[in-house]
Amino acid sequence: MLILCLLLVAAGGSLFLYKWLDLGVPIKADNAIDAWTVEARIRFTAQSGKPIKVRFAVPWRPPGFGLLDETFVSSGYGLSTAAQGGDREALWTIRRARGEQELYYQAVVYPASDDADSRSRPQPIEAPQFSDAQATVVNSLVAQIRAHSADIATFSVQALQRLGERNNSDVDLLLAGDSSPEQRAKVAAGILATANIAARPVYGFQLQKQGRHLPLLTHLEVHNGERWLSFDPVSATPGFPESFLVWSRGKPPLRDSDGVRHLRVEFSAAENAYEALAVARQRAAERGSMALQFSLLSLPVQMQMVYRVVLTMPLGALIIVLLRNVVGIKAFGTFAPILIALAFRETKLLNGILLFTGIVALGLGARFYMERLKLLLVPRLASVLTVVVLMMAMLSVLTYQLGIGAGLSVALFPMVILTMTIERMSIGWEEAGPREALQQAAGSLLAASLAYLVMTERQVQHLVFMFPELLLIVLAMTLALGRYTGYRLTELGRFKALAG
């Protein structure tokens, strides 16, 4: 056992030191510039026997950002890129394909003060596509707005404000029953074009540290003769939101396609330590090292975010081992506190403790009542599970009506774990008394809270993600604690006389 533990520590420690000291992989979570890895995932079903074309816009000089790196993942497909109407488009083609297909575009962007695109000249203004009735309304609206505006910026704001008016038949005619931000931006661009003002919808999303399935947002850009100005098409607020990445202009990113069915695109983003990591990758490439080529950073962004959470679970398990085998804290099971700690990630610690305590207390009352019914084990567990689900639903509705948003997160608790906790607590209550059952419940909450604090620490997440080999050291510590047979800290008082 000792030799195995030493081998694990040596393997994990040596690989960690090699990646840190030799390759220069950053050991600190904040040892880098603020950069994001953004990813577009295009999925579709190929039509049998037909050639496939997919045209997709990719970022090109996004305002407020610079492009550090980009990657196209399209095995077996032909790929070409070209500038088109102020955008850059990628065209994937293939002669034959079958079944479900996936294409990826991944880029690394960083905040940049140089905003060259804001000073670019607009394309020639195209005549807006309005029906005769709509054109009459637009001409009247342009005349009214021009009389009450001072410049292009105020003209644009008033046009957007007019499109936000309710119970206005002229606005309803222009929007054609669609009041979405995208439709408002398109109609506003047409109104401005009628006034000989260059305008275009822009599509993008707000970057987040860990964002999966990011919704595509629409804004309006207007050229004032010198530079492009941006506006929110709903509130008419000038400027982009913080960390807003413009993905395409004029049209949505997904332009056109042939030979495909069920075409859909998903956007993801994750903040990464890029600067120091780029140097480390360059060193690894120069030396022919495979240490970073097959790292977790090579995975799609969505999978990276999953592993940022999953890789912290062994640390939570190690904390449970320490609390139970060394300290002597009693708890319900080994993995239940870890799953509760994962739920605390969404509910936050204090709210999670209150919600967990309330659900378990109510469920325990229902479990004691079912004891009188003399049910068999499996039907009893199924009944308790049903009661737990109903209580969670009722608690969510009640807290929502009371304006307590934290209560909605009760649905994130693992229902089966709550059911088994209630069952174990009731059995402990009957066999060893209420004191023993309450001690185990308190121990479970203590273990879950400590595991939550460790698993949500940013530096810890960074270390286990960049250096997953450190988990070999965690494994060695767990194996070593598995052979511990000494006194637990809580037992020192009980056996004090024997020790003397």
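Residues numbered from 1 in each chain as written. Predicted model: local features only at pLDDT ≥ 70, side-chain atom pairs only at ≥ 80, totals over all residues. Heavy atoms only, no water.

Re the pairing of strand E10 (residues 228-231)
- Side-chain alternation along E10 places Trp-228 and Ser-230 on one buried face and Leu-229 and Phe-231 on a second face that is also buried.
- Where strand E9 (residues 217-223) and E10 come together, four bridges link them in antiparallel fashion. Bridging from a neighbouring strand, Glu-221 pairs with Ser-230 of E10.
- Counted between consecutive antiparallel strands, the loop separating E9 from E10 contains four residues, among which Gly-225 sits at a positive phi close to 100 degrees. (Buried < 20%, exposed > 50% of the residue type's maximum accessible area, 1.4 Å probe, protein only. Helix = DSSP H or I, 4+ residues; strand = E, 2+ residues; numbered from the N terminus. Pairing = 2+ DSSP bridges.)

Some words on empty space enclosed by the protein
- Enumeration over the complete set of coordinates arrives at one cavity of 30 Å³ or more.
- Counted as a void, the largest cavity has a volume near 60 Å³.
- Looking at the largest cavity, the residues that line it are Lys-19, Val-25, Leu-277, Leu-292, Ser-295, Leu-296, Leu-297, Phe-465 and Met-466.
- Split into classes, the residues belonging to the lining of the largest cavity amount to seven nonpolar, one polar and one charged. (1 Å grid on protein atoms, 1.4 Å probe; cavity = no way out; pocket = protein on both sides within 12 Å on 5 of 7 lines; lining within 4 Å. Points joined across faces, edges and corners; volume = space filled by probe spheres on them. Nonpolar A, V, L, I, M, F, W, Y, C, P; charged D, E, K, R; others polar.)

Quick look at the packing of helix H1 (residues 2-22) against helix H15 (residues 470-481)
- Contact pair H1 / H15: the axes reach a minimum separation of 7 Å and the direction vectors enclose 160 degrees. The angle between H1 and H15 falls in the class roughly antiparallel. Crossing handedness for the pair H1 and H15: left-handed. Packed against H1, whose contacting residues are Leu-4, Cys-5, Leu-8, Val-9, Ala-11, Gly-12, Gly-13 and Phe-16, the element H15 presents Leu-470, Leu-472, Ile-473, Leu-475, Ala-476, Leu-479 and Ala-480 at the interface.
- In the contact of H1 with H15, the residues fall into 13 nonpolar, two polar and no charged. (Axes fitted to C-alpha atoms, helices over the stretch in contact; angles between N-to-C directions. Parallel < 35°, antiparallel > 145°, perpendicular 65-115°, else oblique. Left-handed = near helix turned anticlockwise from the far one by under 90°. Contact = heavy atoms within 4.5 Å.)

Section: the packing of aromatic side chains
- Under the criterion given, the structure shown has 15 aromatic pairs.
- Ring geometry for Phe-56 against Phe-267: centres 6.4 Å apart, planes inclined by 25 degrees, an arrangement best described as stacked. Here Phe-267 lies in strand E13 (residues 260-273) and Phe-56 lies in strand E2 (residues 52-58), a separation of 211 residues in the sequence. Accessibility assignment for this pair places Phe-56 and Phe-267 in one class, buried.
- One aromatic cluster is present, built from ring pairs that chain together Phe-56, Phe-72, Trp-92, Tyr-105, Phe-205, Trp-247 and Phe-267.
- The ring centre of Trp-228 lies 3.7 Å from the NZ or CZ of Arg-200, which sits over that ring.
- Above the face of the Phe-465 ring, Arg-308 is positioned so that its terminal group lies 4.1 Å from the ring centre. (Phe/Tyr/Trp six-rings, centres within 6.5 Å; stacked < 30°, edge-to-face > 60°. Lys NZ or Arg CZ within 6 Å of the ring centre and 35° of its normal.)

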